[in-house]
Amino acid sequence: TKTKMAANTAENFPTLQNDLILRAARGEKTERVPVWVMRQAGRYLPEFKEMRAENEFFKVCQTPELACEVTLQPIRRFQLDAAIIFSDILVVPQALGMTVEMIPGKGPSFPDPLKAPEDLSKLNKDVDVNKTLGYVFDAITLTRHKLEGKVPLIGFSGAPWTLMCYMIEGGGSESMSKPKQWLYKYEESSHQLLNILTKVIIDYLVGQVIAGAQLLQVFESHAGHLCPRTFNTFALPYLSIIAKQVEEKVRAQGKEPVPMIIFAKGAHYAIEDLAQSGYEVVGLDWTVNPKTARHQTQGKVTLQGNMDPGALYASKEEIRTIVREMLEQFGTQQHIANLGHGIYPTVDPDHVEAFVDAVHSISEEINLDSKKKN
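Residues numbered from 1 in each chain as written. Predicted model: local features only at pLDDT ≥ 70, side-chain atom pairs only at ≥ 80, totals over all residues. Heavy atoms only, no water.

Visitor: Sorry, what's going on with helix α11 (residues 187-211) here?
Guide: Because each turn of an α-helix spans 3.6 residues, side chains separated by three or four positions end up pointing in the same direction. Here α11 is 25 residues long and its end C-alpha atoms lie 36 Å apart, about the 36 Å a rise of 1.5 Å per residue gives. Following α11 by one or two positions, G212 adopts a phi angle in the positive range, close to 130°. (Helix = DSSP H or I, 4+ residues; strand = E, 2+ residues; numbered from the N terminus. Expected span 1.5 Å × (residues − 1).)

Visitor: It is not clear to me how the pattern of salt bridges should be interpreted in this structure. Could you clarify?
Guide: Close approach of charged atoms allows side chains with opposite charge to pair. By the definition in use, this model includes 13 salt bridges. The partner of R76 in a salt bridge is E69, and the shortest N-O contact between them spans 2.9 Å. For R76, a relative accessible area of 52% corresponds to the exposed category. Owing to a relative accessible area of 26%, E69 belongs among the partly exposed residues under this scheme. Notably, a salt bridge pairs R324 with E365, separated by 3.0 Å at the nearest N-O pair. With R324 in helix α16 (residues 316-330) and E365 in helix α17 (residues 349-373), this residue pair connects regions lying 41 residues apart in the sequence. (Salt bridge = Lys/Arg side-chain N within 4 Å of Asp/Glu carboxyl O. Buried < 20%, exposed > 50% of the residue type's maximum accessible area, 1.4 Å probe, protein only.)

Visitor: Looking at this structure, I do not really get a negative patch on the surface. What am I missing?
Guide: Together, D348, D350, E353 and D357 make up a region of like negative charge exposed at the surface. Mapping E353 onto the fold places it in helix α17. Overall, E353 belongs to the partly exposed group, its relative accessible area being 35%. (Patch = residues over 30% accessible without salt bridge, like charges linked within 9 Å, V, L, I, M, F, W, Y side chains within 5 Å. Areas by Shrake-Rupley, 256 points an atom, 1.4 Å probe, with all protein chains shown as cover. Lys, Arg positive; Asp, Glu negative; His and termini not counted. Charge placed at Lys NZ, Arg CZ, Asp CG, Glu CD.)

Visitor: Quick question: what am I supposed to make of unusual backbone geometry here?
Guide: Omega for the peptide link from G305 to N306 comes to -15°, which places this bond in the cis form. Residues other than glycine seldom take positive phi values, yet Q298 does so here, at roughly 50°. You can see Q298 is positioned in the loop between α15 (290-297) and β8 (302-307). Residue class for Q298 comes out exposed when judged on its relative accessible area of 54%. Positive phi values are uncommon outside glycine, yet Q334 reaches one of about 50°. Tracing the backbone shows Q334 in the loop between α16 and β9 (335-339).

Visitor: For this particular structure, what's the right way to read the packing of aromatic side chains?
Guide: Centre distance and the angle of the planes are the two values used to describe a pair of aromatic rings. All chains considered together, the criterion is met by nine aromatic pairs. Between F137 and Y204, the ring centres sit 6.1 Å apart and the planes meet at 35°, which makes this aromatic pair tilted. In this pair, F137 sits in helix α8 (residues 134-146) while Y204 sits in helix α11, placing the two residues 67 residues apart along the sequence. In this structure, F137 and Y204 share a single accessibility class: buried. Here the aromatic rings of F231 and Y269 are separated by 5.5 Å at their centres, their planes lie at 80°, and the arrangement is edge-to-face. (Phe/Tyr/Trp six-rings, centres within 6.5 Å; stacked < 30°, edge-to-face > 60°.)

Next up, the structure:
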């Protein structure tokens, strides 16, 4: 049918009604602070749990209708200023030919991780993202239509070092000693792997923009395992290449580039460098003092974050107090409110609502007060 065809093409998208987060990302004036939540489509929502009871995790990722449905769930419930496509950072290692399983209660697991440099030959290096990750692009396009212009849609990818960690460690880990061993023992092979990942990530992010993503976030979730020296050698150069190349390649396809967010968890030591790495927005985890980060970034970028995810266990009154303190530290311009990491599965959805509403109402109030003073 004609309407079904329209829903599958990356054009004639509904008009965007709320561009608050895009304006904040570009450093333009905002009347209130935009807010979204990492893992906002997730296990804390009963409707998400219901969907997952019947569908395996990667099946949800790989089925555009299901991925679209869970992406929309938090948007129906809360006054969020963005949707983020439901997917996983580990779809990139899957595209490279690695097997990833999601073990209930344990998380991701690679039955056959990379053990030595010669294992790099096993990777499928000529990845056609349209073939291997086309399901993500389809989910993005479908969701852009189904959102009906309510809020922008964020696309994302894991960063090279973070994906390298999983591919070598074989899952989560306290120390990440196996991938770290590669950095010191197999420096050349480490760069080789990071280059393979970077190339796929660039194509993947460009494909997401072509499919309809209006903002992109790069997750460097394991930055905290590095020191400044290894971060500057094995993470930062690749992050910069990604920002630069995604912009150039999107333009080359005749599309307008979208703002990009870098979220490097645990990289408090690299905030100044990240502010100059080509991303419009730098995400902060909850251990960073927003005032310090403002001082370090000198207004060059918008900052995102960074309430402690644990604060959602506080009473609704206390959540308002914590949000007020956070907004006073960040200031209400060049700020996108978020948690400092993903939401915990045991959080009460009503407390998410309290967080979202507090960000909006308190930031509006601060803006009105400053207008009166001026």
